[in-house]
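What the coordinates show
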Amino acid sequence: MLSLFANDRTPGPARHPVLTLLLPLLLTAAAGTALLALTPGLSLQSGMPALVWPFAGLALGSLVRWGWSMLLGLALAAAAASLLQGQNQVHALSSAIAALSGASISYAAWLTLGRSRSLRFRADVLALLLPGAVLGGGAHALSLVLAESLAQGSLLAQLDRQFLTQALQCWAAAAAGTLLLAPCWLADWRAHRLAAGGAWQPGNLLLMLTALGLSLAGARLPLAGAPLLLLPPLLLGWLALRCPLGPAALTALGMAIAPLLLARQGLAPVFAGEQGQLLLWIWCSAMPLVVLLTHGTQGELQLQSENWRRSMAATGAAFAEWHTEPGRNYRSPGWMLLMGHSMGSTAHADDWLDRLHPNDHQRVLQALEQLQQGSEEWQDQIRLRSEDAQWLPFELRLQVRSRDLHGRVGHWLSCLTDTSLQRQAREQQRLANSLFQHLHEGLLITDAQHQVLDANPSYCELMGMEREALIGKPAAPLDIYVLRLSGHDPQDVRELLEERGHWQGLVTLLGAQHTQRRVQLTVSVVPEAEGSARYHVLAVSDRSIELQQRELIERQTRYDLKTGLLNRSEFMLRLKSACRQSEREGFMLCLCHLDLDQFKRINQGLGEAEADRVLVEVAERLRSSLRNASQWSDEVARLGGDGFALLLRCHSLEEARQAVERFLTVLRAPFYLDDQQAPLNLTGSIGATLFPQDASGAETLMRHAAHALYRVKRSGRDTYEFFDTEKRLRNEQRVLAMGRMQQALDSGELLLYYQPKVDMRSGKVLGMEALLRWHHPERGVLGPGTFLPLIEQTGLGVQVGDWVFEQAMRQCSQWLALGLDLNISVNVAARHLQAEDFALRLKELLARHEAAVASHLMLEVLESAALADIDATHALIQRCKGLGVSFALDDFGTGYSTLTYLKRLPVDTLKIDRSFVQNMLIDNQDHALVEGVLGLARTFGCEVVAEGVESAAHAEALLALGCHIGQGNGIAMAMPAAQVSDWVKAFEAAPSFGGRVELPRTGTLD
């Protein structure tokens, strides 16, 4: 039965919620009924109140364990016990009310204090005493006496001394019953049974029986032997220290009930009389208190020990506690990891000695012996073998915590501290000190104000000063005057140190013997965990000799060895710098590429040596012609061979022209190489470009100047030419626009609109002209005039033309499938028409669709494009007409065709240009021209389509002249394919030549 009280059961089959509630309820009711039935047997005499009322403990324990639902079981128990004792129903009801009220008050007070039911700490014991024994016992007692009085008669008649005495006796019995039974009811019996070693060890059982036997023996002694009753509580306290709460509380219950039963039989002289009765009550109440207080005190001590162990383990410390008593040793996780043991494994106190270094083993054994002989603590450095067989340094500390009565160590603590990092830190400190003293570079340590704190010997030698003379003085490399003299802004240095934490640069110092030293200075900030930096480290390296050699080498690499002028690489650097300065200050740069004319003949005629003399003389003339000022100067460089470059500052194009002409004039002066030889006449050609008008990079500027020079060489020599920047910009813009059009074609931004061609006489829609549009994501729908002129003479124009063919054929197929018998006209650009594979490509596109598409397709060719090559156009039209398509001559009347040309072009339709149709109502010449075109068309057997029908008046005039096919905005605006079907139905139902179909648009549709 006690196993039902276990808190932590092994998970088993799931129980129904009703069953989970019903079992504790029935158990509580059954146990309560039994206890109430046995309670009269706990009084010393018949008719007297019971000295102990266990039901109070059962009530509080059940409510604490299972909650308010147990009130029903308690009420059933009280009522059932009353009925079993032969009392009437009123008495049974009053007993149930008394049980419920006392138990409710006890449990409510327990919940208010909010303590654990494990009774592990003294505060938990106090919570049991206050609500259970004191407040709950009093409530139980008062409820019982009131219920008894109500059952017997008037309450007011019983409010006398006897009533109060009876209430006090009931309170004492309820308090004792709470202390005796509640701990047994709340104990975790399953955990006790599963605990290591078990709670029912032979030693513990012997203590239980001994304490119980001494209690019985002491109860049979006379009153004078009462002091001997102190021995059983001592044994009970010892038992409480050795085993969990449940067995100790059960033993206390037996030690209390057994003397009580003896006293009832008159076999306990020590508890005879009123004093004995009081002593017996004290005995019954004291036994559970001994267990509870011992258990609570032990729990708090264990908690303190656990908290200390957790705190130590949280620091990562490796420590172990060793006890002479078995089962009490403790090793921290750090200790277990260090020794290679798994958590939960057992180990002896001397297992770790096997890991000691052989040289440390004997010393540690001697220390342990000293601790046995009376020393309290020992501390020293040792070495332990790790899992990978490495010897690691540790600091071992041994401390005695307690000794037995004979002075032998009973509890001692061992703690290991890894000193690897400390040893590494000391080693690093030693190496750092050695490095600081022996490093060839000068090292300086300063504070935040750049006052010297320390300097190594190399720095002292560099400065020619003793260390003591430097300490406390400002650091010379960071002096404001020194930094400025070396070309550094002190404010920039300070900002870089704050931003990056370091700065590096070349500094000129006045070193030993007052000689200037060029040193490489590196300043590093020593970071702080908190706050601003307090220290700086300066590394100073003497670079004087190295820099002198480097400057010599750099001069050889920066200048032309033959002429002494700048070479190409150095000139490019200065060009880039001049461009940046030009952007800041707003002046212009004239970059010139100069080439000597016919210099190859001089080289071949006079020889290489004389030619070199000429180059040197040319270089000198160019150098002497340069302008310069305090802040700037023009530049000249030799690019190689007989090529030179000039970089001239100017403020206008005219000034640049004058400067270029000046250099050409200088070159035209005769060269006298030898007094006995005739003077040498030499000229040069110059290509130039202006910056920032030519806003290009340095390399591009040089290339543009070379392009201009190339044009000079082709057109003649001894002159100059400037690079055409505007033409380059136009070409670049054209390339960008072409790329954007290619992107529009690839991303599906192009689309076709369709404008109707109708029979103005019958009102029938004959066909549609496919008009290209660009649905620009930002500018809306754009007409062909904004982009076709850019691409129509390029290969991209051919790609777009093929795309238009494909889309128009696909749309024609869809209309035919819907029953719309509409011809589709497609405009063909000149470049597209002149492509060698035009007819073959058209054939391939037509092959993808049904045969009817070809007969509904008309290709519109501009008159000017058709007349460009009349023979080729005639042959092409014949090949294409063999595929089933028809041809129209678009914008007829705007070209220069003759009747002979028109006769040779086998076209099917002539389209009168809209400009003539629109003005025919107000211009007699345009009216006559339209009339003439109609006559030509009838003569050559061609249909005529009049473009530009803007109103009903235009339609009437055309019909009067015999032209019945029209197209224009007066009939309908160009529309998307989706609107064509509805428009055709609406127009043929009610033809109109004066209104327009307005379409949503966001761009130009012209």
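Residues numbered from 1 in each chain as written. Predicted model: local features only at pLDDT ≥ 70, side-chain atom pairs only at ≥ 80, totals over all residues. Heavy atoms only, no water.

If you check an unreviewed UniProt entry, the chain appears there as EAL domain-containing protein from Roseateles aquae.

**Things to note about the sheet that holds strand S14 (residues 684-691)**
Across the sheet, which stays open at both edges, the five strands sit in the order S12-S13-S11-S14-S15 with mixed pairing between neighbours. Two strands close off the open sheet at either side, each with one partner strand: strand S12 (635-640) and strand S15 (720-722). Taking the axes of each pair of neighbouring strands and ignoring which way they run, one obtains an average angle of 20° across the sheet. Bridge count between S14 and S15: three bridges; the pairing is parallel. For Ile-686, the partnering residue across the bridge sits in S15 and is Tyr-720. Of the strands in this sheet, strand S11 (588-596), S12, strand S13 (643-650) and S14 touch helix H20 (residues 568-585), which is tilted by about 15° from S13. Strands in contact with helix H24 (residues 698-715) are S11, S12, S14 and S15; relative to S14, the strand with the most contacts, it is inclined by about 140°. (Pairing = 2+ DSSP bridges. Helix = DSSP H or I, 4+ residues; strand = E, 2+ residues; numbered from the N terminus. Axes fitted to C-alpha atoms, helices over the stretch in contact; angles between N-to-C directions. Contact = heavy atoms within 4.5 Å.)

**Details of the packing of helix H29 (residues 838-847) against helix H32 (residues 870-881)**
Axis separation between H29 and H32 bottoms out at 10 Å; the angle between their running directions is 15°. On the basis of the axis angle, H29 is roughly parallel to H32. For H29 against H32, the interelement crossing comes out right-handed. In this structure, H29 uses Phe-838, Ala-839 and Leu-842 to contact H32, whose residues at the interface are Leu-876, Arg-879 and Cys-880. Taken together, the residues of the contact of H29 with H32 break down into five nonpolar, no polar and one charged. (Parallel < 35°, antiparallel > 145°, perpendicular 65-115°, else oblique. Left-handed = near helix turned anticlockwise from the far one by under 90°. Nonpolar A, V, L, I, M, F, W, Y, C, P; charged D, E, K, R; others polar.)

**Comments concerning the packing of aromatic side chains**
Counted according to the given criterion, the structure contains four aromatic pairs. Between the aromatic rings of Trp-983 and Phe-987, the centroid separation amounts to 4.9 Å while the plane-to-plane angle is 15°, which identifies the pairing as stacked. Here the residue Trp-983 and the residue Phe-987 both occupy positions in helix H37 (residues 980-989), the gap between them amounting to four residues, near one helical turn. The lysine or arginine in question, Arg-621, covers the ring of Phe-671, its NZ or CZ lying 3.5 Å from the ring centre. Across from the ring centre of Phe-587, 3.6 Å away, lies the NZ or CZ of Arg-649, which sits over that ring. (Phe/Tyr/Trp six-rings, centres within 6.5 Å; stacked < 30°, edge-to-face > 60°. Lys NZ or Arg CZ within 6 Å of the ring centre and 35° of its normal.)

**Some thoughts on the pairing of strand S10 (residues 535-542)**
Of the strand pairs in this sheet, strand S6 (residues 442-447) and S10 are connected by six bridges, and their pairing is antiparallel. Paired with Thr-446 across the strands is His-536, a residue of S10. Sheet analysis places strand S9 (residues 516-526) next to S10, joined by eight bridges and oriented antiparallel. The partner of Val-519 across the bridge, within S10, is Asp-542.

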